[in-house]
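Tertiary structure, described
For reference, the chains in residue letters:
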Amino acid sequence: MIEQLSWKVGGQQGEGIDSTGEIFAIALNRMGYYLYGYRHFSSRIKGGHTNNKIRVSTKEVRAVSDDLDMLIAFDQETIDVNGHELHSDGIIIADAKFKPVKPEDCKATLVAVPFTEIATELGTSLMKNMVAIGATSAALGIDTETYKAVVDEIFGRKGEKVVNSNMEAIQRGADAFLETAGGNLKALSLKKADGKNRMFMIGNDAIALGAIAGGARLMAAYPITPASEIMEYLIKKLPDFGGTVIQTEDEIAAATMAIGSNYAGVRTLTASAGPGLSLMMESIGLSGITETPLVIIDTQRGGPSTGLPTKQEQSDLLAMIYGTHGEIPKIVIAPSTVEEAFYDSIEAFNLAEEYQCPVILLSDLQLSLGKQTVEPLDYEKIQIRRGKLSDQDIEKREDKSYFKRFEVTEDGVSTRVIPGTKNGIFHVTGVEHDETGKPSEVPQNRKDQMEKRLRKVSGLSFDTPVYKNDKHNEPDVLLVGFNSTRGSIEEVIPRLEADGYKVNHAQIRLVHPFPTDELKPMLDAAKKVVIVEHNATGQLASLVKMNAGYAEKIESLLKYDGNPFLPGDIHQQCKELLTHGNV
Amino acid sequence: MATFKDFRNQVKPNWCPGCGDFSVQAAIQRAAANVGLEPDDLAVVSGIGCSGRISGYINAYGFHGIHGRSLPIAQGVKMANRDLTVIASGGDGDGFAIGMGHTIHAMRRNIDITYIVMDNQIYGLTKGQTSPTSAEGFKTKSTPSGSIESSLSIMELALSSGCGFVAQSFSTDLKDLVALIEQGIEHKGFSLINVFSPCVTFNKINTYDWFKENLISLKDIENYDPTNRMVAMQTLMEHNGLVKGLIYHNPNKPSYQESVTGYSESPLSKQNLTISEEKFTEMMSEFM
């Protein structure tokens, strides 16, 4: 019996590889297993190797696994590219059609099952993925009836006949596997899961669900990988709340339209990735100087320019913090789990209205697209806080002069009036302005308005600016990361501790304003600090050094080849850093 | 009820004496009063340039944005509060150069706003460079040997972009301009009004006298039918775009807001932001 399984399906893009993984995963999630899925895909619609690696466990998992127990191959390339991940007890289940061969150094067992042949016999070769699912299930000791509900949901509208032939394909796949492999592979039998109902979702789903829970009713966006799922979910759901998604002509329109509707009183978001964020930079400055709330989701991917559009990277960090010309108040938050992505998405809208400034919710491809099991979210934790928003009193105002929308106040935040309010007229401009919004170049006014805006976020309160695991008083090493590296780092900790090191962990959740006070004691206590991030220049390390110091004990552990960190990568490199010092 | 004076504020425009934009400002104020608006029912969103300052010179909710982006901001405002009357405005550089992408797509999208362009065929605030509506051969600081690029036929472009209200006017024709702005506001959908608004400082070719001599009023064309798009296109081509009046009007095209599935009939800005536990549970269960 095994408690954890690492499974991968691969083939040519456009051949149903994703749906094979999806059906398998949904069924297992419903059995109560915890799953973590990561898709390897290319920026094209058809052709090219694609695979979907899914980890199944009886305990919570948040990272891609180092190795592989089972590989489902629809072509030889899948075996050639991924075979090395299999350990010696692993199994390859491949379509007999392409006469699969194992690479010489691969010790795993190869079982050829006629996926295509069985599917064709049943009516269409398209069902070969169902045959593969059946074979997988037999190898894992999972009852094929488990898939009935999922198959019903997917094919139900095509009629009973289609449902039945798909179920038959699954059964035939299972039979064929058992016939070929016999009873020799029982080692992979999965331990039973708890059967609890949990969600199975990607980070982008959580962000989109959070946006609705957080009161967003409009979205303006331009499609881009890996952000599009957010607009696709919201276009389905926002009409239930009277809202909609407007697909704009470009990201400049998306950001400025969102500014327009936030100004007019509706929580509105836009979501994009690096190239789109580059186009939005001027708008971010407009939101800053006009003190208009704005929520932007940045799902980081490989840059620069078009870069690696379907691959993992965390190289937008400094651009998101410092991007736009001039100086503005800005908040940048970086959830590190799908659950946090949901709650942070809600909080982004609250902070944007409370501090009347742009809020960037930073994600990365692995967090945005990695599909995983998530415990039910807590309705009671949903809050709507709108900050200083004018009430009806303003309508009784006798003074007909422009309202002091940009009044200089102690905390820097001034009362916001929603256009359409009686007696609330004020002016908004991206030009430096006085308290009523009239353009002004008076030096003292400039100074007052700049300082007012910038001091707004100095007192920012954010629930957990740093996720901390600080169980050791004097750790040998403090591991620091942000966004999706959390899962891999957490898996490395017990391995390093087994090697005899005391390890603490800090995952930065609020990247701007930087939580220096929160982090400093952890940096101070550690003998060495290893900052783990997906970029080539150590952007988070620069931020830590700039804000908190400790440059002498900080080492960077970087990965920028497009693939997410495996726990093994971090473990091995960390050990080298701890044993030999600088590498 | 508000009069045009209620749409005045005490801000003195920084336009040059004799600038065509003064009349456009007055025309917007009069049209707003004539259609029965109160100042706080109106939002004026403008771009960057001399004319972009107009949002600060009208007593209404004014938003002076960034260069070329008045239209997306204005569309966002209207989507948030469909009860507000939204006017976007700016110059020819703002709308037809840096912001051209938005202009075309705003016309296609057909959100119910009125776009008033003050077209002076030159960049004034940057002190005299060529614009997309400058005539070929036009000598400016950036085209010392004369512009070698074609002048945009903006009215033809509006017709081909699906705009349901296409009008052109001249800033000194105050009465006609006021009437066109009123019709534009009342049109249910996107309306474009291009107003020739001479720059007295930097454009010595397209002067008040030049327009008086060259512009043809559609009123003078016998039986001109503004609901006929083909005739509208032909007329524009015949007169090299130098016509004034209501060029095309399609009152039957539904606006974006009328077409969006599920879009709230009351202003979204007035909605409660909370979500019921029942709905939230339903949405979560869809991921199970």
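Residues numbered from 1 in each chain as written. Chains lettered and ligands numbered in written order. Predicted model: local features only at pLDDT ≥ 70, side-chain atom pairs only at ≥ 80, totals over all residues.

Attention shifts here to the packing of helix α7 (residues 203–213) of chain A against helix α8 (residues 228–237) of chain A. All names here are of chain A. Between α7 and α8, the least distance of the axes is 8 Å, while the angle of their chain directions is 40°. Between α7 and α8, the angle falls in the class oblique. Both α7 and α8 take part in a crossing whose hand is right-handed. Here α7 contributes N204, D205, I207, A208, A211 and I212 to the contact with α8, which in turn contributes E229, I230, Y233, L234 and K237. Taken together, the residues of the contact of α7 with α8 sort by class into 7 nonpolar, 1 polar and 3 charged. (Axes fitted to C-alpha atoms, helices over the stretch in contact; angles between N-to-C directions. Helix = DSSP H or I, 4+ residues; strand = E, 2+ residues; numbered from the N terminus. Parallel < 35°, antiparallel > 145°, perpendicular 65-115°, else oblique. Left-handed = near helix turned anticlockwise from the far one by under 90°. Contact = placed C-beta atoms within 7 Å. Nonpolar A, V, L, I, M, F, W, Y, C, P; charged D, E, K, R; others polar.)

It is worth spelling out α7(A) at this point. For α7(A), the buried fraction is high: 11 of the 11 residues fall into the buried class. With its phi angle positive at about 90°, G215(A) sits one or two positions after the end of α7(A). (Buried ≥ 20, exposed ≤ 12 C-beta atoms within 10 Å, placed from the backbone.)

Residue and element names in this part refer to chain A. Across its 14 residues, helix α1 (residues 17–30) extends 20 Å between first and last C-alpha, which sits within 8% of the 20 Å expected from 1.5 Å per residue. Regarding α1, the residues found buried are I17, T20, G21, E22, I23, F24, A25, A27, L28 and N29. Residue G32 follows α1 closely and has a positive phi angle near 100°. (Expected span 1.5 Å × (residues − 1).)

In this section: the sheet that holds strand β4 (residues 68–73) of chain A. All names here are of chain A. Read across the open sheet, the 8 strands follow the order β6-β5-β4-β1-β3-β2-β14-β7; overall the sheet is mixed. Single-partner strands in this sheet number two, and they are β6 (109–113) and β7 (199–202). Across the sheet, the axes of successive neighbouring strands diverge by a mean angle of 20°, strand direction being ignored. In this structure, strand β1 (residues 4–12) lies alongside β4, joined through 4 bridges in parallel fashion. Opposite V9, over in β4, you have I72 as the bridge partner. (Pairing = 2+ DSSP bridges.)

Take the interface of chain B and chain A next. Listed per partner, the contact involves 47 residues of chain B and 58 residues of chain A. A total of 8 residues in the side of chain B that touches chain A trace back to one element, the largest contributor, which is helix α2 (residues 70–80) of chain B. Looking at the side of chain B that touches chain A residue by residue, the class counts come to 24 nonpolar, 18 polar and 5 charged. Examined bridge by bridge, strand β15 (residues 427–429) of chain A and strand β2 (residues 61–64) of chain B share 3 bridges and lie parallel to one another. Note that in β2(B) the partner of V428(A) across the bridge is F63(B).

On to the sheet that holds strand β17 (residues 477–482) of chain A, then. Residue and element names in this part refer to chain A. On the basis of which strands lie adjacent, the open sheet formed by 5 strands has the order β16-β18-β17-β20-β21 and mixed pairing. In this open sheet, the two strands that pair with only one neighbour each are β16 (466–469) and β21 (554–558). Neighbouring strand axes in the sheet, compared pairwise and without regard to direction, differ in orientation by 20° on average. Two elements, strand β20 (residues 528–533) and β21, share 5 bridges in a ladder whose sense is parallel.

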